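Understanding the architecture of this molecule
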Amino acid sequence: MIPRIRRARLRGQDGLHVLELKDDRIATVTPERDASLADGELDAAGGLVLPSFIDLHLHLDLAYSLDLVPPNRSGTLVEAIGLYAAAKENFTPASVCERAVRAIEDEIAFGTGAIRNHVDVGQTAGLRLCEGVLAAREKTKGRIDIQIVTFPQDGVIRDAGAIDRMREAMRMGCDLVGGIAHYERTPTDSQRQIELLFDLAEEFDADIDCHIDETDSPESRCVEYLAAETIKRGWQGRVTASHVCALASYEPVHAAKVVALLAEAHVHVVTNPGVNLHLQGRFDTYPKRRGLTRVRQLMTAGVNVSAGQDCIKDPFYPFGTGQMLEVAHLLAHADHLSSASQIEQVMDAITVNPARAMRRTDYGIEPGCRADLVVLPVENVHEAIRLRPRPTAVLKAGRHV
Ligand SMILES: [Zn+2]
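Report on the accompanying structure. Given the structure is predicted, the values throughout are model-derived calculations rather than measurements.

1. Some points on the overall build of the protein chain
On a plain count of helices and strands, the protein chain comes out with 13 helices and 16 strands. The C-alpha atoms of the protein chain give a radius of gyration of 21 Å, which matches the 21 Å a tight globule of 401 residues would have. Oriented by its inertia axes, the alpha-carbon framework of the protein chain measures out at about 65 × 50 × 40 Å. Counting the 401 residues in the protein chain, one finds 60% classified as buried. Expressed as a percentage of contacts within the protein chain between residues at least 6 apart in sequence, the contacts between residues at least 24 apart total 76%. Accessible surface computed for the protein chain: about 15,700 Å², of which carbon and sulfur atoms make up 50%. Placing the 45 positive and 56 negative side-chain charges of the protein chain at their respective mean positions leaves the two points 1 Å apart.

2. Comments concerning the pairing of strand β7 (residues 112-120)
β7 sits mainly inside the fold: nine of its nine residues count as buried. Two strands pair when backbone bridges link them, and strand β6 (residues 53-58) and β7 are joined in this way by four bridges, in the parallel orientation. Opposite D55, over in β7, you have I115 as the bridge partner. Two strands pair when backbone bridges link them, and β7 and strand β8 (residues 145-151) are joined in this way by seven bridges, in the parallel orientation. Looking at the pairing, D120 lines up with F151 of β8. Crossover β7 to β8 through helix α3 (residues 128-139) is right-handed.

3. So, the coordination of the zinc ion
Around the zinc ion, the protein contributes the donor atoms H57 (NE2), H59 (NE2), H211 (NE2) and D310 (OD), which lie 2.0 to 2.8 Å from the metal centre. Here the zinc ion is ringed by four donor atoms whose angles at the metal span 85 to 177 degrees, and the overall shape comes out irregular. Each donor residue of the zinc ion lies on the same chain, and together they follow the pattern H-x1-H-x151-H-x98-D. Taken together, the residues span a long stretch of sequence, with H57 in strand β6 and D310 in the loop between β13 (305-307) and α10 (324-334) at a distance of 253 residues. By relative accessible area, which is 0% here, H57 ends up buried.

4. Here's the deal with the sheet that holds β6
Pairing within the open sheet is parallel, and its eight strands lie in the order β6-β7-β8-β9-β10-β11-β12-β13. Of all strands in the sheet, those bounded by a partner on one side alone are β6 and β13. Taking the axes of each pair of neighbouring strands and ignoring which way they run, one obtains an average angle of 25 degrees across the sheet.

5. Side note on helix α11 (residues 340-348)
If you check which residues of α11 are buried, you get Q342, I343, V346 and M347. When α11 is viewed along its axis, its buried side chains cluster within an angular range of 155 degrees and face the same direction. Along its buried surface, α11 packs onto β5 (48-51), β6, α9 (295-300), α10 and α13 (381-387).

6. Structural notes on the pattern of salt bridges
One pass over the full model with this rule turns up 36 salt bridges. Here R11 and D348 are joined by a salt bridge, their closest N and O atoms 3.0 Å apart. A residue pair is termed long-range when its members are at least 10 positions apart, and R11 in the loop between β1 (4-8) and β2 (17-22) and D348 in helix α11 qualify at 337 residues. You can call R11 partly exposed: its relative accessible area is 25%.

7. Structural notes on the packing of helix α6 (residues 222-233) against helix α7 (residues 252-264)
Where α6 contacts α7, the axes come no closer than 9 Å and their chain directions differ by 30 degrees. What the angle tells us is that α6 and α7 run roughly parallel. The handedness of the crossing between α6 and α7 comes out as left-handed. From α6, V223, E224, A227, A228 and I231 reach across to α7, where they touch H254, V258, L261, L262 and E264. When the residues that make up the contact of α6 with α7 are grouped by side-chain class, the tally is seven nonpolar, one polar and two charged.

8. Quick word on the environment of Q309
Along the chain, the position of Q309 falls in the loop between β13 and α10. Exposure remark for Q309: the relative accessible area of 4% places this residue in the buried category. For Q309 and L16, which are 293 residues apart along the polypeptide, the C-alpha to C-alpha distance reads 31 Å.

The rules behind the values
Residues numbered from 1 in each chain as written. Predicted model: local features only at pLDDT ≥ 70, side-chain atom pairs only at ≥ 80, totals over all residues. Heavy atoms only, no water. Helix = DSSP H or I, 4+ residues; strand = E, 2+ residues; numbered from the N terminus. Rg over C-alpha atoms; globule rule 2.2 N^0.38 Å. Buried < 20%, exposed > 50% of the residue type's maximum accessible area, 1.4 Å probe, protein only. Contact = heavy atoms within 4.5 Å. Areas by Shrake-Rupley, 256 points an atom, 1.4 Å probe, with all protein chains shown as cover. Lys, Arg positive; Asp, Glu negative; His and termini not counted. Charge placed at Lys NZ, Arg CZ, Asp CG, Glu CD. Pairing = 2+ DSSP bridges. Right-handed = clockwise from strand over helix to strand, strands pointing away. Donors = N, O, S within 2.8 Å, 3.2 Å for Na, K, Ca; no water. Tetrahedral: all angles 85-135°; square planar, octahedral: opposite > 155°, others 65-115°. Axes fitted to C-alpha atoms, helices over the stretch in contact; angles between N-to-C directions. Arc of directions from axis to C-beta. Salt bridge = Lys/Arg side-chain N within 4 Å of Asp/Glu carboxyl O. Parallel < 35°, antiparallel > 145°, perpendicular 65-115°, else oblique. Left-handed = near helix turned anticlockwise from the far one by under 90°. Nonpolar A, V, L, I, M, F, W, Y, C, P; charged D, E, K, R; others polar.

Have a look at this one:
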């Protein structure tokens, strides 16, 4: 346990600070007045200290599976789903666990303190991938927090039986109900899927995080139904919409209506800049769409927007490192978030915004917050995102990880 972090630079504050830690928490934050260091203290050496990054959207069962599946020739989401469906028949819980632990270690090394993971459950995956990811969470317990979402990769209506697997996965220890509303065969089935997700969420008093409208097609209009159902069921603040790419292709009048509805329903949005840039726009020639949702417009409307890694070297995306600063760097480019205040918003998208979506009440650099911290060898947020350095220290509950 580290008693104190010395010579720390903090977001939005001048000068250097001392963070006094007690048990697993931050006890006090005071200006630095002394130059000498005592034994056991952590010297931030004038570097930026942030609450650990949060990766709000990741697929650990997919991580490092690129070489286990045939090449994705079209580069599209739909081809990736098909390729993965065939490959995952052979996955064992042990093999999934091994790859998942590798990805978790990557994330920890880059300063991630919490992950929301979507695990594939359904007729083909059964519960084997879920068992593997639960085992990986157990192996890394105490070093990182992992929420697990039951994710019906092959649909809920078109993969009859998926909802029962999801129920079993919730009983096994998963935390949230997931979905993939746009992947059903008809709009009616998409809406039916959303209703079934809410039924399951009510059964377990669980939050929802649904893959939705992950397509360039302006005809994909699932997210408005998700938001309307959120209000109807009283689930405001407990629902996350992941991707929401199609919103960028709606005509402006309808887009404005949907953005306002998401704000009204307090639906959190996650964009996955690397993966959305890579998978979307595949049917475009030139000009090519960027594939991300309307990040700036959503933020301006007061919608809580986070950014996620989504994939690490898998059939959906051959890149990805588990470094949230890289995700932030991509986000800044993809939606022109380049002014000083927008760069701060980009940092929010990998820190305080996902903490809010996770409903964390002890996240931040304030007395009482848990000492989940990352120390970066730069002076400010702009330099952190520009240079994307490795952390000089990563702490979980006040201890080095
Ligand atoms: Zn995903």
